[in-house]
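# Inside the fold
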Amino acid sequence: MDEYSRFVDWDKMDVTVQSQDAKELSCTEFQELKQLARQGYWAKNHSLRAKVYHKLISNIPCRTVTPDANVYRDIVVKIVGKRNSSSLPLPEFVDNSLVPTYCLNAEGIGAVRKIILCIANQFPDISFCPALPSVIALLLHYSKDEAECFEQVCRILACNDPSKRLIDQTFLAFESSCMTFGDLVNKYCQAAHKLMVAVSEDVLEVYSDWQRWLFGELPMVYIARVFDVFLVEGYKVLYRVALALLKFFHKVRAGQPMESDSIQQDIRAFVRDIAKSVSPERLLEKAFAIRLFSRKEIQLLQMANEKALQQKGITVKQKSNPKLVLLNYCFSTFCIVFLRQNVHLAVHAENFKSEIVSVKEMRDIWSWIPERFALCQPLLLFTTLEHGCSLSRFYSHSEGHEPTLLLIKTTAKEVCGAYLSTDWSERRRGGNKLSFFGTGECFVFRLQPEVERYEWVIIKHPELATTGSEPENHAPPASSTLSSSSGPSDPSDRLSPFLSARHFNLPSKTASMFMAGSSECIIIGGGDGQALYLDADLNHGRTSHCNTFNNQPLCSESFQISVLEVWGFRD
């Protein structure tokens, strides 16, 4: 056995890691490391993986004063004393009931608790870090002693590179990551999201488990492969793998009855037993096949979700806030977790009244919108039945509200609409010229005769960004929807036009082309080849449908409007 075997129970480990010939890793270029990590170059040799981990972690930029192995040796006896390590109480920021053992021996299992307590002593600013026990347990497999493992974990926690996010250490960061994951599921796993909405009253309660799937339920051989890539590529890898897990869960369990009364428990069980259906290689292959947003774009989305939580006053766990719910799920037993408002709570049956959609249909729409706005309740801003069919009144009632929801019912009983991310006042920036604005979070949808949501075309089909796929000739050249060519050369830094430019002080070239309005008409479009045109009298409309996507039209090519409503979002 090698020098990194002290804490390993080899009867539990994958035998292949003991039999492979030793390899060397001499490359330092990021792209080459990235490829080797994804291919599992060091996965089949225990000693090599340990050396690679040590090298990668030692290169993490850290605070000037970061606790090292010597600090651990100095404090461990004072903190632990003569107490039995297996029964040591853990700090509140981790889940005492969820400490993975993986393939650790008895000494290793006890060492996890000792290291957690010493980290709590050295990092008093950590308030919520449910992934920590898993990270420590994993790294102990590849450490010579407890002190070395402690130092490596400290370097991960003390990373001070603002562009390199590693492990959530506060409640705000963790909760916003759950909201961000929910947004990504809504965008990239629509079939799975539809299932979650159907079987769970609160989808974020399900998505708040996403880190637990990785750092808790996933078997050792799988999380080690994920960690290989995570140390090279960062936090985005975790989102990728969690999305892949959800996709596989939906594929394997599609059409089958639930195995328990809780979809959360079913997903956890699936991840624990994932070896029955998916190999580590297949899981990573699926994860990296997802055409995910750029790293910077995800960072901006995370910032937006954090800002929404801060505006709600939700930054720490606290019992006094009425929007906090006591639950015994996720990472901490009976921890206080802020949830996306259940759609049944956000859309109150007794307070909601629309001439176009039912309460159930509005709840379906609410399950599609970004997590940070699903915290709000619908507020009727404009309806043709009360305010008349005037485009100027449409603008006057809608302006100042962001985002908004447009609902249309035709005389043929068709019902369609659009989620519009940007204030209609933005139309004035183009002067008298019809100019497009909005963000890639916009989408159009149909509720009658059947439910269908259409994503923004360039987000879902990036290859069409260069084919001039905008409706008719109203839009500027398609090239303006892409990020500026003067930006960073690293593709992960390039911004596709997803988030609002003025929200994040981004260049105007990153804005998308989804909404346009003038005194003569409104144009909403781009979603999977769908475009919606409304005349100034708000009595007539038409649609444009691109057959490229093999989907049904939004509604009739030409239609008369029976009722039109605009809804805002109220805190």
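Residue positions are given per chain, counted from 1 along the sequence in the order it is written. Local features in a predicted model are, by the rule used here, given only for residues with pLDDT of at least 70; side-chain atom pairs are given and counted only at 80 or more, and totals for whole chains, interfaces and linings are based on all residues. As a rule here, side-chain values cover all heavy atoms of the structure and leave hydrogens and water aside.

### Side note on the overall build of the protein chain
Runs of E in the DSSP output that reach at least two residues are strands. Runs of H or I that reach at least four are helices, and both are numbered from the N terminus. Counting its regular elements, the protein chain contains 21 helices and 13 strands. Counting across all 571 residues of the protein chain, residues that qualify as buried make up 59%. Every residue pair with non-hydrogen atoms within 4.5 Å of one another is taken to be in contact. Taking the contacts inside the protein chain whose residues are at least 6 apart along the sequence as the reference set, 73% of them involve residues at least 24 apart. Calculation of accessible area relied on Shrake-Rupley with a 1.4 Å probe; when residues are assessed, cover is drawn exclusively from the protein chains displayed. Only carbon and sulfur atoms are counted for the fraction: they give 48% of the accessible area of the protein chain, which is about 23800 Å². Three labels apply to residues, based on accessible area from a 1.4 Å probe with only protein chains included: buried if under 20% of the type maximum, exposed if over 50%, partly exposed otherwise in between.

### Some remarks on the packing of aromatic side chains
In summary, the pairing rule links any two rings of Phe, Tyr or Trp, Trp by its six-membered ring, whose centres are within 6.5 Å, and it sorts them by plane angle into stacked for under 30 degrees, edge-to-face for over 60 and tilted for everything else. Applying the stated criterion across every chain, the model contains 26 aromatic pairs. Aromatic pair Tyr53 and Phe227: ring centres 5.7 Å apart, planes at 70 degrees, arrangement edge-to-face. Highlighted residues: Tyr53 in helix α3 (residues 46-58) and Phe227 in helix α12 (residues 220-233), separated in sequence by 174 residues. On the basis of relative accessibility, which here comes to 1%, the residue Phe227 falls in the buried class. Here the aromatic rings of Trp210 and Tyr239 are separated by 4.7 Å at their centres, their planes lie at 15 degrees, and the arrangement is stacked. Here Tyr239 lies in helix α13 (residues 236-253) and Trp210 lies in helix α11 (residues 210-217), a separation of 29 residues in the sequence. In this pair, the class of Trp210 matches that of Tyr239, namely buried. Ring-pair connections join several aromatic residues into one group, and the members of that group are Trp366, Trp368, Phe373, Tyr419, Phe443, Phe445 and Phe569. Throughout this description, the term charge over a ring refers to an Arg CZ or Lys NZ atom that lies within 6 Å of the ring centre and within 35 degrees of the ring normal. Between Lys286 and the ring centre of Phe248, over which it is positioned, the NZ or CZ distance is 5.8 Å. A cation over an aromatic ring shows up here: Arg453 above the ring of Phe443, its NZ or CZ 5.4 Å from the ring centre.

### A look at the packing of helix α4 (residues 69-80) against helix α7 (residues 146-157)
Running from amino to carboxyl end, α4 crosses α7 at an angle of 120 degrees, the nearest separation of the two axes being 8 Å. Relative to α7, α4 is oriented oblique. Considering the relative orientation of α4 and α7, their crossing is right-handed. Of the residues in α7, those touching α4 at Ala69, Tyr72 and Arg73 are Glu146, Ala147, Glu148, Phe150 and Glu151. Fitted lines through C-alpha atoms serve as axes, helices being fitted only where they are in contact, and the angles separating the N-to-C directions of these axes extend from 0 to 180 degrees. Oblique is the label for any angle not under 35 degrees, not over 145, and not in the 65 to 115 range, which are roughly parallel, roughly antiparallel and roughly perpendicular in turn. It is the rotation of the near helix from the far one that decides the hand of a crossing: anticlockwise by less than a right angle makes it left-handed, clockwise makes it right-handed.

### A closer look at the nonpolar core
Buried Ala, Val, Leu, Ile, Met, Phe, Trp, Tyr and Cys residues that are joined via side-chain atoms within 4.5 Å together make up what is termed a nonpolar core. Trp42, Ile119, Ile136, Ile156 and Trp210 are the most contacted members of the largest nonpolar core, which totals 122 residues. Tallying contributions element by element places α13 first for this core, with 11 residues. Among all residues touching Ile156, those that are not within four sequence positions of it are Ile57, Ile60, Val135, Leu139, Leu166, Ile167, Phe227 and Leu231. Ranked by size, the runner-up nonpolar core spans 28 residues in total, among them Leu391, Leu406, Cys416 and Cys442.

### Structural notes on the environment of Thr170
Looking at the element boundaries, Thr170 is found in the loop between α7 and α8 (171-188). When residues no more than four places from it in sequence are discounted, the contact partners of Thr170 are Ser127 and Phe128. Only 3.1 Å separates the side chain of Thr170 from the backbone nitrogen of Ala173, close enough to count as a polar contact. Residues adjacent in sequence count toward polar contacts only when both atoms are side-chain atoms; beyond that, a polar contact is any pair of N or O atoms within 3.5 Å, and within protein one must be able to donate a hydrogen and the other to accept it.

### Here we look at the environment of Asn70
Position of Asn70 among the secondary structure elements: in helix α4. Residue classification places Asn70 among the partly exposed residues on the basis of a relative accessible area of 47%. Taking the C-alpha atoms as reference points, Asn70 and Ala147, 77 residues apart in sequence, are found 7.2 Å from one another.

### Some details on the pairing of strand β13 (residues 558-570)
Think of it this way: DSSP has to see at least two bridges between two strands before they count as a pair. Looking at chain direction, strand β3 (residues 377-383) and β13 are connected through six bridges and run antiparallel. Note on β13: the bridge partner recorded for Leu379 is Gly568. Relative to β13, strand β4 (residues 404-410) runs antiparallel, the two being bridged by six bridges. Paired with Lys409 across the two strands is Val563, which belongs to β13.

### Notes on helix α5 (residues 106-122)
For α5, built from 17 residues, the straight-helix expectation of 24 Å at 1.5 Å per residue is met to within 8% by its first-to-last C-alpha distance of 25 Å. If you check which residues of α5 are buried, you get Gly108, Gly110, Ala111, Val112, Arg113, Lys114, Ile115, Ile116, Leu117, Cys118 and Ile119. Looking at the packing, one finds that the buried side of α5 touches α4, α6 (132-140) and α7. Capping of α5 at its N-terminal end is provided by Asn105; its side-chain oxygen lies 3.2 Å from the backbone amide nitrogen of Glu107. A helix is expected to span 1.5 Å for every residue after the first.

### A word on helix α15 (residues 280-289)
Among the residues of α15, Pro280, Leu283, Leu284, Ala287 and Phe288 are the ones counted as buried. For α15, the angular spread of buried residues about the axis comes to 120 degrees, placing them on one side. Along α15, exposed side chains directed more than 90 degrees from the buried face belong to Glu285 and Ala289. Each C-beta atom gives one direction from the helix axis, and the arc is the one those directions make.

### Quick look at the pattern of salt bridges
When their charged atoms lie close together, side chains carrying opposite charge are able to pair. The term salt bridge refers to a side-chain nitrogen of Lys or Arg lying within 4 Å of a carboxyl oxygen of Asp or Glu. One pass over the structure, following the stated rule, counts 22 salt bridges. Note that Asp125 and Arg63 form a salt bridge whose closest N and O atoms lie 3.6 Å from each other. Placement of the pair is Asp125 in the loop between α5 and α6 and Arg63 in the loop between α3 and α4, with a sequence separation of 62 residues. Judged by relative accessible area, Arg63 falls into the partly exposed class, the value being 34%. Here Arg165 ties to Asp168 by a salt bridge, and the two come within 2.3 Å at their closest N and O atoms. Residue Arg165 is classed as partly exposed on the basis of its relative accessible area, which comes to 25%. When its relative accessible area of 3% is taken as the criterion, Asp168 is described as buried. Taken together, the salt bridges that share partners define one network made up of Arg212, Glu217 and Arg272.

### Focus on the confidence of the model for the protein chain
Keep in mind that low pLDDT regions are not for reading the predicted coordinates in detail. The predictor's confidence in any single residue is recorded as pLDDT, a number from 0 to 100. Residues at a pLDDT of 70 or more form 78% of the protein chain, whose mean pLDDT is 80. Ignoring residues within four places in sequence, the model shows residues 318-345, a span with pLDDT below 50, making 90 contacts including any to other chains. Of the regions scoring below 50 in pLDDT, residues 457-512 engages in 125 contacts with residues more than four places distant in sequence or in other chains.

### Side note on the pairing of strand β5 (residues 415-420)
Taking burial as the measure, the six residues of β5 include six buried ones, the bulk of the element. Of the two faces of β5, the one lined by Val415, Gly417 and Tyr419 and the one lined by Cys416, Ala418 and Leu420 are each fully buried. Bridge analysis of β4 against β5 gives six bridges, and the strand direction is antiparallel. Among the inter-strand pairings, Leu405 is bridged to a residue of β5, identified as Tyr419.

### Observations regarding unusual backbone geometry
Looking along the chain, the bond that leaves Glu402 and enters Pro403 is cis, with omega of 0 degrees. Positionally, Pro403 belongs in the loop between α20 (391-398) and β4. The amide bond that connects Gln448 to the next residue, Pro449, takes the cis arrangement and shows omega of 10 degrees. Mapped onto the elements, Pro449 comes out in the loop between β7 (443-448) and β8 (452-454). Phi at Tyr102 is positive, roughly 50 degrees, even though this residue is not glycine.

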